[in-house]
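Reading the structure
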Amino acid sequence: MQTVTASSSIQPTPAVPGDPLPPTTERYARTIEASKRVRWDIDRDVIRGRSFDLDQQFLPDGLALASELPFLDLDQQRFLGQVQGRTYANMFALVERFIGVKMLELSRDHGFGDQVAFEAMVRLTDEELKHQELFRRIERMAGAQMPAGYRFDIAANDVAAFVLGKSTWAVLALTCDIELFSLAHYRASIDGADGLSPLFKDVFLFHWKEESQHVIVDELEWRREDARIASDAERDEAVGDLIALVGGIDGILQAQAAADAAYFLAASGFEPEGEQAREVASVVLKAYRWQYIVSGTMEPRFLKMLSGLVNADQMRRIGEALAPLAYAVPASMARAVA
Ligand SMILES: [Fe+2]
Ligand SMILES: [Fe+2]
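Since this is a predicted model, take the numbers as computed values, not measurements. (Residues numbered from 1 in each chain as written. Chains lettered and ligands numbered in written order. Predicted model: local features only at pLDDT ≥ 70, side-chain atom pairs only at ≥ 80, totals over all residues. Heavy atoms only, no water.)

1. Overview of the nonpolar core
Across soluble globular proteins, you tend to see nonpolar side chains buried next to one another. Selection rule: We define a nonpolar core as any set of buried Ala, Val, Leu, Ile, Met, Phe, Trp, Tyr and Cys residues linked to one another through side-chain atoms lying within 4.5 Å. Only protein chains enter the accessibility calculation, which uses a 1.4 Å probe. A residue is then buried if its area is under 20% of the maximum for its type, exposed if over 50%, and partly exposed in between. Comment: elements are numbered from the N terminus, with helices defined as DSSP H or I runs of at least four residues and strands as E runs of at least two. The criterion used for residue contact is that any of the two residues' heavy atoms lie within 4.5 Å.
Core analysis: the biggest nonpolar cluster contains 108 residues, and Tyr88, Phe98, Trp169, Phe204 and Trp222 have the highest contact counts within it. Here this core gets 14 residues from one element, more than from any other, and that element is helix H4 (residues 74–107). Sequence-distant contacts of Phe98, that is, excluding residues within four places in its chain, are made with Val159, Ala160, Val163, Leu164, Val171, Leu174, Thr175 and Ile178.

2. Section: the environment of Asp241
Relative to the assigned elements, Asp241 resides in helix H9 (residues 232–268). Note on Asp241: relative accessible area 19%, which makes it buried. Separated by 75 residues in sequence, Asp241 and Lys166 have C-alpha atoms that sit 5.9 Å apart. Non-local contacts of Asp241, meaning those with residues more than four positions away in its chain, are made with Lys166, Ser167 and Ala170.

3. A closer look at unusual backbone geometry
Phi is positive for Arg48, close to 45 degrees, though the residue is something other than glycine. The topology assignment puts Arg48 in the loop between helix H2 (42–47) and helix H3 (61–64). In this structure, Leu65 is a non-glycine residue whose phi angle is positive, near 60 degrees.

Pasting the structure below:
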């Protein structure tokens with residue numbers, strides 16, 4: 001008969017209850033503590049029986065950039081921000097599919113070891129599942145109020161298959177970037193905006209509360225993966241994967257910007273062709289590149305982490321890949337820099 005014996009090579013953490021935790025474990029532990037403290041329910045805390053009101057703004061102009069189209073009146077600007085706000089929720093649901101699956105996959109590394117890290121990652125995955133459900137609800141609720149014809153045809157599983165086909169280092173870099181920009185958007189643009197839909201604002205307030213912990217787990221896991229990489233050649237390849245992921249995201253943004261501009265133009269009674277239509281399409285693409293790529297790469301916390309993990313040549317390659325997108329900052333910010 002086989003007997004079960006304790007393995008001496010695996011030391012689950014914490015080894016002895018009450019012992020101080022190793023510093024990395026302590027950081028995972030703090031995310032668990034905060035996650036328990038802020039935990040919320042979709043209906044009880046976020047939606048609370050409310051529905052969207054199209055007289056109110058969804059995505060603030062610091063992200064939607066609708067004011068950069070001077071021929072739109074204020075109602076049209078607000079509607080363009082609502083279209084983008086609907087896409088904003090759909091985009092988070094899209095990326096959370098691959099984020100959850102990757103985190104669950106990586107959590108297995110801790111399954112027979114650091115039980116605290118394991119719990120932190122299982123909680124993160126559970127929260128991303130809840131966020132996806134929340135964003136599906138938001139899509140249905142926005143759809144019930146807004147004119148027919150909106151489309152979001154990007155399949156989350158197709159995107160996940162593309163992203164998860166790249167190296168773990170690159171997927172974690174992208175994940176860290178996304179989760180950091182979600183925090184930055186809330187802090188810089190959503191939290192203080194006047195006249196925002198209270199429901200839209202709450203969705204991203206509650207999302208922000210849980211994402212604050214996710215960023216810490218992303219950084220810990222990205223560092224752990226980076227330490228596993230043994231050669232410059234392997235990291236070169238991972239940087240190439242990150243550049244390919246940014247290219248893939250930009251392809252998604254181009255398709256969705258075209259779809260959203262066409263929907264906006266049709267619902268607002270504009271000619272589908274012509275100078276104004278081209279300008280709308282170009283500002284929506286600029287706004288999406290700002291929201292989903294450029295704002296994240298400008299986050300000091302992301303830049304510090306990335307530049308600490310790659311060498312000067314790899315950083316230069318990333319900079320060159322991003323250069324064609326660097327124009328995509330709000331006009332007010334571009335003026336301030338000039
Ligand atoms: Fe999330
Ligand atoms: Fe997250």
